[in-house]
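A closer look at the structure
So you can see what is in the structure, the chains are spelled out below.
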Amino acid sequence: MSLRLSDLSACFEGVIPSIIATASADGMPNISYLSHVVRIDEEHVALSNQFFAKTAANVRANPKVTLILVDGFTGDQFLLDIGFMRSVDAGPLFDRIALQLKASSAQVGMSEVMRLRSADVFRVHGIEKVPSPVETAPGVVGRDSVSLPALSDAIKALERQADADEIIDSLLGGVQRVLGYDNALVLIHDSHRGSLVTTGSIGYERSGLGSEIASSEGLIGSAATNGQTIKVNDMSRVRRLGEAISLEAEASENATRVVTFPQLPRVVSQIAVPMVARNTLIGVLFIESTQRLAFREEDEAALEILAGQAAGALRASEREAAAAQPTQVPPPPRLASGGGEIRVVHHRVDDSVFVDGTYIVKGIAGALLRLMLEWHLKDGSEVFTNREMRLALGGRMPEIKDNLETRLLLLRRRLEEKQAPIQIVRVGRGRIRLEATGPLLLDAARE
Amino acid sequence: MCIIAGADAAGRPSAGRGVGFDVLADRETLDVIFSAWQWPRLEADIRQTGRVAATFVSPSDYVSFQLKGAATMQDTGAPDLDRAERFMTAATNELESLGVPRPLIAPWLTAREARVARLDIREIYVQTPGPLAGMLAGARSQ
């Protein structure tokens, strides 16, 4: 049976370097390692020839090229006869190669050295397996294929959810059930702060809810900025900085107003999948694993399907919540049930809020809590609609129209996690109620 | 690690992995050992055109050099097989220390049907990734 490029998917992960042999016009061979080979389709591959001038010159003089590719799971080797077609230095294909190169360079600790200038496209003429002195170790190729029925069930479950928290939980549940990943985060895009904020989390010792990643930072920032999935499949050679998380990390929140990003000890593979709905970035689905090559091509595709579905659902949820009518207001419960006074401090500089000295959240979520407290202190109201909050803050934070629901969700989850004496509770579509254990005092004059 | 290329008379390159080497006393000639069982085209090409490029890489820091020149196939002797065994053991240990699992390395290195190509070194190039990559580090006048 002849081999096809799609049979070689584990060769394109950039984990084990490929090898490229060329020959000059006068027949002198040249051989070097190659950081990344990208499969374009069943007949074409692209090579990132970012620093070997001789290889680039040879293929232009003599298009015949031989590649050795290595399966990142088994170590099996394949010889490919390929022919140079053309070079690309811009466009979607170039962007895809540049992004993959960035990830694969990061996993060997060379992201600063490797910068893609152009990529060469080749036609594949033949593929043969190189004889191996050993049998492929049984059990090396472990996991089953992604179950399409299970994926379909997860999509249906997502479709049934109407609220941001249910959508995010359903997405994380689907990731766990369909693909078996136990450590995952959903980060929601915050264009106001130029960051992505952890709003859903499973599998971490510390949830990291409220932690932020700059939109330009690392794998998650790259996925957000480029709108493309990006992964690393073998970080075993990368020196991990800050792996040991000190016990003081949580305590330092109050001083720094920064929540520590959750970390998985001994992580080997990571993937960041953009959540995009109608060309708008909603957030990023981020998954980690202690397994090598945890994210195969088909896993990546399944995650993209789930992330896209969740992004669409979140966007629809914002729209529906914004349109909710005030006739559904439930009977008001009693606020302030006899506890001690609760002191809330708001800092205008970053909209951070502290409840009884404990840092809760900042940004839009912080501004929302302040707003609700101001209204409550003014006229005793306890139930608030998305619509009125959107109107009140929309002038200062225009992007709120697209992500109020997820900001309220973040606020609610942080208050829950910190067991704060103030909680917010959903009481219907687009409507929440403020609950507190005692009288509220708002100090909103801080910078 | 060592990788080796040849090319046939039509300019089609071939490639394979080296499993040992020996720098000869003149310091200008190098024996590289490879498996003809695993890389049959490489042997055929060297016999046909007599041209070889061999790149040596230190896997821990990517320092790399490429040696090019004319080559002839030599008889394989017992010392070559010893060199191959030592090289394969050292390379496996080095890669394993860098996090590559041992079962993954096993398919790459074999001395089955070991062959020796004797390379008359004409040119040496720096091939370490970075600004000096491709720089001619040394050449011999003909």
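This report concerns the structure included in the present document. Please read all numbers here as calculations on a predicted model, not as lab measurements.

1. Some words on the overall build of chain B
Tallying secondary structure elements over chain B gives three helices and seven strands in all. Ordered by position from the N terminus, the helices and strands of chain B form the series β-β-β-α-β-β-α-α-β-β. Here chain B holds 142 residues, and 53% of them are scored as buried. Across chain B, the fraction of contacts at a sequence separation of at least 24, relative to all contacts at a separation of at least 6, is 61%. Counting only carbon and sulfur atoms, one obtains 54% of the accessible surface of chain B, whose full area is about 6,100 Å².

2. Quick look at the pairing of strand β14 (residues 342-347) of chain A
Residue and element names in this part refer to chain A. Within β14, five of the six residues are buried, which leaves it mostly tucked inside the rest of the structure. Sheet analysis places β14 next to strand β15 (residues 352-355), joined by four bridges and oriented antiparallel. Following the sheet pairing, V345 is matched in β15 by F354.

3. Some words on the packing of aromatic side chains
Summed over the entire model, instances satisfying the criterion amount to seven aromatic pairs over all chains. Both rings, one in A:Y181 and one in A:F295, keep their centres 4.8 Å apart while their planes meet at 55 degrees; by these two values the pair is tilted. Note that A:Y181 is positioned in the loop between α4 (164-179) and β8 (183-190) and A:F295 in the loop between β13 (280-289) and α7 (297-322), a separation of 114 residues in sequence. This pair shows no difference in class: A:Y181 is buried, exactly as A:F295 is. Each residue in the set B:F21, B:F56 and B:F87 is aromatic and connected to the rest through ring pairs, giving one cluster.

4. Comments concerning unusual backbone geometry
Despite not being glycine, A:D356 shows a phi value in the positive range, around 50 degrees. Note on A:D356: relative accessible area 45%, which makes it partly exposed. Positioned with a positive phi, B:R27 is a non-glycine residue whose angle comes to about 65 degrees. With respect to the secondary-structure elements, B:R27 resides in the loop between β2 (13-23) and β3 (29-35).

5. Quick word on the interface of chain B and chain A
The interface of chain B with chain A comprises 44 residues on the first partner and 42 residues on the second. Summed over both partners, the interface of chain B with chain A buries about 3,600 Å², with 64% contributed by carbon and sulfur atoms. When the buried surface of chain B facing chain A is broken down by residue, B:R51, B:Y62 and B:L104 rank first, second and third, together holding 16% of it. Scanning the region where chain B abuts chain A turns up two salt bridges. As a salt-bridge pair, A:D81 and B:R12 come within 2.2 Å of each other at their nearest N and O atoms. Linking chain B to chain A there are 16 residue pairs in polar contact (both at pLDDT 80 or more). Elements with a minimum of two residues in the side of chain B that touches chain A: β1 (2-7), β2, β4 (51-57), β5 (64-74) and α3 (102-105) of chain B.

6. Thoughts on the sheet that holds strand β4 (residues 44-48) of chain A
Residues and elements named next belong to chain A. Spatial ordering of the open sheet is given by β2-β1-β5-β6-β7-β4-β3, a layout of seven strands whose pairing is antiparallel. Edge positions in the open sheet fall to β2 (29-34) and β3 (37-39), since each of these has one partner strand only. Each neighbouring strand pair of the sheet contributes to a mean axis angle of 30 degrees, computed without reference to strand direction.

7. Describing the environment of A:F286
The residue A:F286 is located in strand β13 in this model. Given a relative accessible area of 3%, A:F286 falls into the buried group.

8. Looking at the sheet that holds strand β17 (residues 383-385) of chain A
Residues and elements named next belong to chain A. Strands sit in the order β17-β19-β18 across an open sheet of three strands; the sheet is antiparallel. Of all the strands in the sheet, the pair left with one neighbour each is β17 and β18 (422-426). Going across the sheet, the axis of each strand differs from the next one's by a mean of 30 degrees, ignoring polarity. Direction of pairing for β18 relative to strand β19 (residues 431-436): antiparallel, over a ladder of five bridges. Directly across from V425, in β19, lies its bridge partner R433.

9. Some words on the nonpolar core
Formed by 47 residues in total, the largest nonpolar core has its most connected members in A:I31, B:V32, B:I46 and B:W108. The residues contacting B:V32, other than those within four sequence positions of it, are B:C2, B:I4, B:G20, B:F21, B:A54, B:F56, B:R115, B:V116 and B:A117. Judged by nonpolar contacts, the second largest core, of 36 residues, contains A:L151, A:L158, A:A277 and A:A307.

10. Remarks on helix α1 (residues 53-61) of chain A
Structural remark: α-helix, 3.6 residues per turn; residues separated by three or four positions point the same way. All names here are of chain A. Those residues of α1 lying buried are T55, A56, N58 and V59. Down the axis of α1, the sector holding all buried residues measures 165 degrees, keeping them to one side. Here the buried face of α1 lies against β1 (18-23), β2, β5 (64-70), β6 (77-88) and β7 (119-129).

11. Comments concerning the environment of A:V344
All names here are of chain A. For V344, the location among the structural elements is in strand β14. For V344, a relative accessible area of 0% puts it in the buried group. As a C-alpha pair, V344 and T358 span 14 residues in sequence and 9.2 Å in three-dimensional space. Setting aside residues up to four positions removed in sequence, V344 forms contacts with F354, V355, L373, I422, L440, L441, L442 and D443.

12. Regarding the packing of helix α8 (residues 364-379) of chain A against helix α10 (residues 400-417) of chain A
Residue and element names in this part refer to chain A. Interaxial distance between α8 and α10 falls to 9 Å at its minimum, and their mutual angle equals 80 degrees. As far as their axial angle goes, α10 and α8 are roughly perpendicular. Packed against α8, whose contacting residues are I364, A365, L368, L369 and M372, the element α10 presents I400, N403, L404, R407, L408, L410 and L411 at the interface.

13. Considering the pairing of β8(A)
Regular strands show a simple pattern: their side chains alternate between the two faces of the sheet. All names here are of chain A. Counting buried residues along β8, seven of its eight residues qualify, which places the element largely inside the surrounding structure. As paired elements, β8 and β13 share six bridges and run antiparallel to each other. Directly across from N183, in β13, lies its bridge partner E288. Where β8 and strand β9 (residues 195-202) come together, seven bridges link them in antiparallel fashion. Residue I188 lies in a different strand from β9, and its bridge partner there is V197. Remark: four residues form the turn of the hairpin made by β8 and β9, two consecutive strands paired antiparallel; G194 in that turn has positive phi of roughly 65 degrees.

Rules behind the numbers
- Residues numbered from 1 in each chain as written.
- Chains lettered and ligands numbered in written order.
- Predicted model: local features only at pLDDT ≥ 70, side-chain atom pairs only at ≥ 80, totals over all residues.
- Heavy atoms only, no water.
- Helix = DSSP H or I, 4+ residues; strand = E, 2+ residues; numbered from the N terminus.
- Buried < 20%, exposed > 50% of the residue type's maximum accessible area, 1.4 Å probe, protein only.
- Contact = heavy atoms within 4.5 Å.
- Areas by Shrake-Rupley, 256 points an atom, 1.4 Å probe, with all protein chains shown as cover.
- Pairing = 2+ DSSP bridges.
- Phe/Tyr/Trp six-rings, centres within 6.5 Å; stacked < 30°, edge-to-face > 60°.
- Buried area = accessible area lost by both parts, 1.4 Å probe.
- Salt bridge = Lys/Arg side-chain N within 4 Å of Asp/Glu carboxyl O.
- Polar contact = N/O pair within 3.5 Å; in protein donor to acceptor, adjacent residues only side chain to side chain.
- Axes fitted to C-alpha atoms, helices over the stretch in contact; angles between N-to-C directions.
- Core = buried A, V, L, I, M, F, W, Y, C linked by side-chain atoms within 4.5 Å.
- Arc of directions from axis to C-beta.
- Parallel < 35°, antiparallel > 145°, perpendicular 65-115°, else oblique.

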